[in-house]
Structure formats: C-alpha cells, structure tokens
Amino acid sequence: MSLLLGLLSPIAAVLLLAGAHSPPQTPLEYTFQVVHIYPHDRAAFTEGLEYHDGFLYESTGMKGRSWIRKTRVETGAVAHQIDLAPQFFGEGITLVNNRIVQLTYESGVGFVYDARDFHVLRRFSYRGEGWGLTSNGREIFMSDGTPEIRVLDPATLAEKRRIRVHDRGNPVRLINELEYVDGEIFANVWHTDRIARIAPETGEVRGWIDLSGLLSPMYRLEGEAVLNGIAWDAVRHRLFVTGKFWPNVFEIEVKPKNVR
C-alpha cells in the first residue's frame, strides 16, 4: 500500500485511504403492505416455502409430522404430498432443475425428489444441521443456524464455498428459511419478525424487512408460532410469507419505512 500511495497524487492517496477504511453501510429499513391473504394449514410447522406455476411447495418439521406438500395458492387445496419417515425432522426445500431438494434438521441427510410426482431420486449427506435452502438456478444456498450460508453445486450438492452474513461487520446468527429474490437472498431470522436482505456476493445485509404486526397475537400463543417461510413468484413479482402454525399465507408488498 505504501508503494502505491507514493505513486499517487496527494488527493488520490487520501481518497484511496478513505475508501479502504470507509465505514460499513447502514442497512435500509423496510415495512410491508398486505396485498392478499390466503389459507394455510395451522398444523404446519413450516420450515421451507417455494412458489412455482400457481402452487406453493411447503416442507414441515417435527419428527412424525414432517411432510412436503404442493398446494394451490388461492385455496390451500393439497395437490400432492409425501410424508417423511418418522425418524426425520424435515427442514428447508428448494426447487431447481425440476427437482426438489430438502434438508433435515440433525440427521445430516437430505433428499432429492422429482418435482412432478415427489418420487425420491437420491439421498445426500452434509455435516452439521440443516435449516433453509434456496437457489438462483446456478447455485444452491443453505443455512445451518450459524452466520454462514453454504453454497452448493446444484448437480452434485457438494459444498463450494461459504458466505459470512454480517450487519455492519457483526455476524447475523440463527438464519433460517431462505428465498432468492431479484439478486438478493431473503432470510428469516429465527424467533424474530425480521427478514434480512443479503448480498450473495459479500454476505452484507443490505436491508431489514420488519413484519411486526403481520399476524394477530391471538394466533401466536404457541411459543414456536414464529415467522418462517418466504416464497417468490418471479414471473408476477409476488412475495409470499407465512409462519409455523400460522392460519394464513400473506402476499405482501415491501415498502421503505418512513416513506408515504
């Protein structure tokens, strides 16, 4: 650095040093507006949510109660379902290349299904816990409750690298359900009403979406009835969110705070 500064003009050297030590950017704050409300199974311990072609694909947790469903958005009618073996606690899912990839919580085992009939195509393994999944079509992103998001090869499911998620340099823990939305990773943070908007290239949190008040407190008496579940309709640009034991799926519009 000292050699480089010696070759620059005084003004350029000052600008370079200022850039090298510039403070982290403060994330933007967002709120929401409800666009539509749809039915949701209140018995569902939601771990993963995806949208594709008019249907929501959902995975649930808890041993003996874990399943994957394909449901019609408007009615909640179940078009297809597969139950996991009772020893598995289901976790996040993502759809990629006409396949559904699913994690389990502490078993270190994941499953790949044919998205058309939910036929199990293969199992795969990984170290640590499985929490959330999403994909941009080229890579799969996996959360495990730590501040790191693993990046997987969609064909082999081998880990390629990791992204450290941070807010102004501070690690963000308990990252749960994930969704890839227009170049960002949206992430539920467990036991909060906030969704982080994460830059996949750097792990920097660019913004926070505050969903406080989205669901009436009367439906949140159960301690685990927390926000968890994000799905994105990339064709019609619709964002869906729900939670564990929630009676509804909400289509919302994200808006900057303090802007009328």
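Our structure's up above, just so we're on the same page.
Per chain, residues are indexed from 1 in the order of the written sequence. Reporting in this predicted model follows two pLDDT cut-offs: at least 70 for local features of residues, and 80 or more for side-chain atom pairs to be given and counted; totals over whole chains, interfaces and linings ignore these cut-offs and use all residues. Water and hydrogen atoms were dropped before computing side-chain values, which therefore reflect all heavy atoms in the structure.

Novice: Where do I start with the overall build of the protein in this structure?
Specialist: Helix numbers and strand numbers start at the N terminus; a helix is a DSSP run of H or I with at least 4 residues, a strand a run of E with at least 2. Summing up its helical and strand segments, the protein has 2 helices and 22 strands in all. Computed over its C-alpha atoms, the radius of gyration of the protein comes to 20 Å, within 12% of the 18 Å expected for a compact globule of 260 residues. Oriented by its inertia axes, the alpha-carbon framework of the protein measures out at about 65 × 45 × 35 Å. Here's how the labels work: a residue is buried when its accessible area is under 20% of the maximum for its type, exposed when over 50%, partly exposed in between, all with a 1.4 Å probe on protein chains only. Taking all 260 residues of the protein together, the buried fraction comes to 50%. Contacts in the protein between residues far apart in sequence, at least 24 positions, make up 49% of those at least 6 positions apart. Element-wise, carbon and sulfur atoms account for 53% of the exposed surface of the protein, whose accessible area totals about 12800 Å². Charge counting treats Lys and Arg as positive and Asp and Glu as negative, with His and both chain ends excluded. A charged residue contributes its charge at one atom only: NZ of Lys, CZ of Arg, CG of Asp or CD of Glu. Taking the 29 positively charged and 32 negatively charged side chains of the protein as two groups, their mean positions are separated by 1 Å. In this treatment the radius of gyration is a C-alpha quantity, and the globule benchmark scales as 2.2 Å times the residue count to the 0.38 power. We call two residues contacting when some pair of their heavy atoms lies within 4.5 Å. The Shrake-Rupley method, run with a 1.4 Å probe sphere, supplies the accessible areas, and residue values consider only the shown protein chains as cover.

Novice: Looking at this structure, I do not really get the nonpolar core. What am I missing?
Specialist: Only buried Ala, Val, Leu, Ile, Met, Phe, Trp, Tyr and Cys residues count toward a nonpolar core, and they belong to the same one when joined by side-chain atoms within 4.5 Å. By size, the foremost hydrophobic cluster in this structure holds 21 residues, and its most contacted members are Ile195, Leu211, Leu214, Val241 and Ile252. Every element with two or more residues in this core is listed here: β1 (28-39), β20 (227-233), β21 (238-243) and β22 (248-256). Looking at which element gives the most residues to this core, the answer is β20, with 3 residues. Contacts of Val241, omitting those with residues within four sequence positions, involve Ile195, Leu211, Leu214, Gly229, Ile230, Asn248, Val249, Phe250 and Ile252. Core analysis: the next-biggest nonpolar cluster, separate from the first, contains 15 residues, Ile149, Val151, Ile163 and Ala187 among them.

Novice: Explanation requested: the pattern of salt bridges in the structure shown.
Specialist: We define a salt bridge as a contact between a side-chain nitrogen of Lys or Arg and a carboxyl oxygen of Asp or Glu at a distance within 4 Å. Under the criterion given, the structure shown has 15 salt bridges. Here Glu29 ties to Arg194 by a salt bridge, and the two come within 3.5 Å at their closest N and O atoms. Residue Glu29 is found in strand β1, and its partner Arg194 is found in strand β18 (residues 194-198); the two are separated by 165 residues along the sequence. Overall, the relative accessible area of 26% leaves Arg194 in the partly exposed class. Linking Arg168 and Asp167 is a salt bridge whose minimum nitrogen-to-oxygen distance equals 2.7 Å. Note on Arg168: relative accessible area 42%, which makes it partly exposed.

Novice: Just to check I follow, could you spell out the sheet that holds strand β4 (residues 67-72) for this structure?
Specialist: Within a sheet, adjacent strands bond to each other through the backbone by hydrogen bonds, running parallel or antiparallel. The pairing criterion for strands is at least two bridges between them, as found by DSSP. The 4 strands are arranged β2-β3-β4-β5 in an open sheet whose pairing can be described as antiparallel. The sheet is open, and its two borders are formed by β2 (46-52) and β5 (78-83), each paired with just one other strand. Here the average twist between neighbouring strands, direction ignored, is 15°. Across 6 bridges, the pairing between β2 and strand β3 (residues 55-60) is antiparallel. Directly across from Thr46, in β3, lies its bridge partner Thr60. All axes here are fitted lines through C-alpha atoms, helices being fitted over the stretch that makes contact, and every angle between N-to-C directions spans 0 to 180 degrees.

Novice: Help me understand the sheet that holds strand β9 (residues 120-125) in this model?
Specialist: The antiparallel open sheet is built from 4 strands, whose spatial order is β6-β7-β8-β9. Looking at the sheet topology across the chains shown, the edges are occupied by β6 (90-96) and β9. Averaged over all adjacent pairs, the angle separating strand axes in this sheet is 20°, with direction ignored. Alignment of strand β7 (residues 99-104) against strand β8 (residues 109-114), held across 4 bridges, turns out to be antiparallel. Its bridge partner lying in β8, Ile100 is registered against Tyr113.

Novice: When you look at the pairing of β4 in this model, what are you seeing that I'm missing?
Specialist: Remember that side chains alternate between the two faces of the sheet whenever the strand is regular. When you tally the buried positions in β4, you get 5 out of 6 residues, the bulk of the element. Pairing geometry for β3 and β4, over 5 bridges, is antiparallel. Considered in β4, the bridge of Glu58 is made with Arg69. Across 5 bridges, β4 lies against β5 in antiparallel orientation. Across the sheet, Thr71 pairs through a bridge with Val78, a residue of β5. In sequence, β4 turns back onto β5 through a hairpin of 5 residues, with Gly76 there showing a positive phi of about 75°.

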